[in-house]
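Results of the structural survey
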Amino acid sequence: MSDSESERLLSPSKWSKRFDSIQLELHYYNFVKQVTEDVRKTIKHKLDVPYGTTERTKYDVYGTDLPKDSPIFVFIHGGYWQESSKDLATVPVPVFVRNGIKVITVGYDLCPNVKIGDIITEIKMAVENILQFALNLGCRNVWVAGHSAGAHLAVSLLYDKQWLDEMKKQEYLHLLKGVVLISGVYNLTPLVDTSYNTALKLTKDEIETYSFNAPDVKIGVHIDRLKTIVVVGECDSPWFIGQSRECAQKLLTVVDNIQYILLRENVDHFDIVEKLMDEEFILTKTILNSVFN
């Protein structure tokens, strides 16, 4: 595969049927920016809760006026570990809060200021902090979701036996009931031959350790009563679609309930998130039904 072919396959904005690549990225940025502005005007929230020591290691909580035992939906943004922020990750907030679910959007440091392994460590710190927060509230369950590179960060939780054992020891793990992986990146190898690696500067060890679709990468431990939803749109790159299928197959042996969804009707890498504003969208309905059942 040539460098240009790798670049195109790993560039989801080039596969949409709605806009060209530049128009799509601009549309998506303007869309999520407007959603955040509207959400912060209309929904009770608490911003910039620290879980680490840096400026970006903070999360925002939406639906702070909901009952203490309300479920919590954690959303991790994408951006190839080098772009975007928690401030552009509020699309699930309106529908989920309206249905009685608190939403927490997680920030993290970006490459090249840190390495991918550092970001994964930060996400585990954030989720541990949120699980402790949920336990203290008497929350009924917690779901962790991620989009694109955020899905890679979300699934990393399931591959760390030491972290999972610690969460069980702290009596947090029973609260984690689901993981939602949206249009994820799970194999790092092809990134080496693309412009994305300029900031990532991937090493051989990083690729081997954090390519979660690799045959020899081991799942952490079996988690009882954990549901995993792996979803991708038909107008995403064929590489992203293949990544999601492989991820679902890999997880089949260790989770009790796994659901793979290929969304039709020209759903692409970006409106798969935009459509979470629609209560009738199949992914929105699937998540809502799963959280409450």
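First things first, this report covers the structure right here in the doc. Being a predicted model, the structure only gives us computed values, none of them experimental.

1. Notes on the pairing of strand β8 (residues 255-263)
Two strands pair when backbone bridges link them, and strand β7 (residues 223-233) and β8 are joined in this way by 8 bridges, in the parallel orientation. Looking at the pairing, valine 230 lines up with tyrosine 260 of β8. In this fold, β7 hands off to helix α9 (residues 238-251), which returns the chain to β8; that crossover is right-handed.

2. Looking at the sheet that holds strand β6 (residues 176-182)
Pairing is mixed in the open sheet, where 8 strands are placed in the order β1-β2-β4-β3-β5-β6-β7-β8. A single partner strand is all that each edge strand has here, and the edge strands are β1 (45-50) and β8. The mean angle between the axes of side-by-side strands here comes to 15°, regardless of whether they run parallel or antiparallel.

3. Thoughts on the side chain of aspartate 271
Relative to the helices and strands, aspartate 271 is located in helix α10 (residues 271-274). Using a relative accessible area of 6% as the deciding quantity, one classes aspartate 271 as buried. Beyond its immediate sequence surroundings of up to four residues, aspartate 271 is in contact with Arg18 and Asn266.

4. Let's talk about unusual backbone geometry
A negative phi holds for most residues other than glycine; trans holds for most peptide bonds. Along the chain, cysteine 111 connects to proline 112 via a cis peptide bond; the corresponding omega equals 10°. Here proline 112 shows up in the loop between β4 (102-106) and α4 (116-137). The backbone of glutamate 171 shows a phi angle near 65°, a positive value even though the residue is not glycine. Mapping glutamate 171 onto the fold places it in the loop between α6 (161-169) and β6. You will see that lysine 201, though not glycine, has its phi angle at about 50°, which is positive. Assignment of secondary structure puts lysine 201 in the loop between α7 (197-200) and α8 (204-210).

5. Some thoughts on α6
Those residues of α6 that sit buried are Trp163, Leu164 and Met167. The buried residues of α6 all sit within an arc of 100° when viewed along its axis, so they share a single face. Facing away from the buried side of α6 by over 90 degrees, the exposed positions are Gln162, Lys168 and Lys169. If you follow the buried residues of α6, they end up packed against α4 and β7. The N-cap of α6, judged by a side-chain oxygen 3.1 Å from the amide nitrogen of glutamine 162 a few residues on, is aspartate 160. Glutamate 171, located one to two residues past α6, shows a positive phi value of around 65°.

6. Describing the packing of aromatic side chains
Taken as a whole and assessed by the stated rule, the structure comprises 8 aromatic pairs. Between tyrosine 51 and tyrosine 59, the aromatic rings sit 6.4 Å apart at their centres with planes inclined by 15°, giving stacked as the arrangement. Accessibility expressed as a relative area gives 2% for tyrosine 59, which makes it buried. Each member of the aromatic cluster is reached from another via a ring pair, and the members are Phe73, Phe75 and Phe96. Over the aromatic face of tryptophan 15 sits the side chain of arginine 8, whose NZ or CZ is 4.1 Å from the ring centroid.

Procedures and definitions
- Residues numbered from 1 in each chain as written.
- Predicted model: local features only at pLDDT ≥ 70, side-chain atom pairs only at ≥ 80, totals over all residues.
- Heavy atoms only, no water.
- Pairing = 2+ DSSP bridges.
- Helix = DSSP H or I, 4+ residues; strand = E, 2+ residues; numbered from the N terminus.
- Right-handed = clockwise from strand over helix to strand, strands pointing away.
- Axes fitted to C-alpha atoms, helices over the stretch in contact; angles between N-to-C directions.
- Buried < 20%, exposed > 50% of the residue type's maximum accessible area, 1.4 Å probe, protein only.
- Contact = heavy atoms within 4.5 Å.
- Arc of directions from axis to C-beta.
- Polar contact = N/O pair within 3.5 Å; in protein donor to acceptor, adjacent residues only side chain to side chain.
- Phe/Tyr/Trp six-rings, centres within 6.5 Å; stacked < 30°, edge-to-face > 60°.
- Lys NZ or Arg CZ within 6 Å of the ring centre and 35° of its normal.

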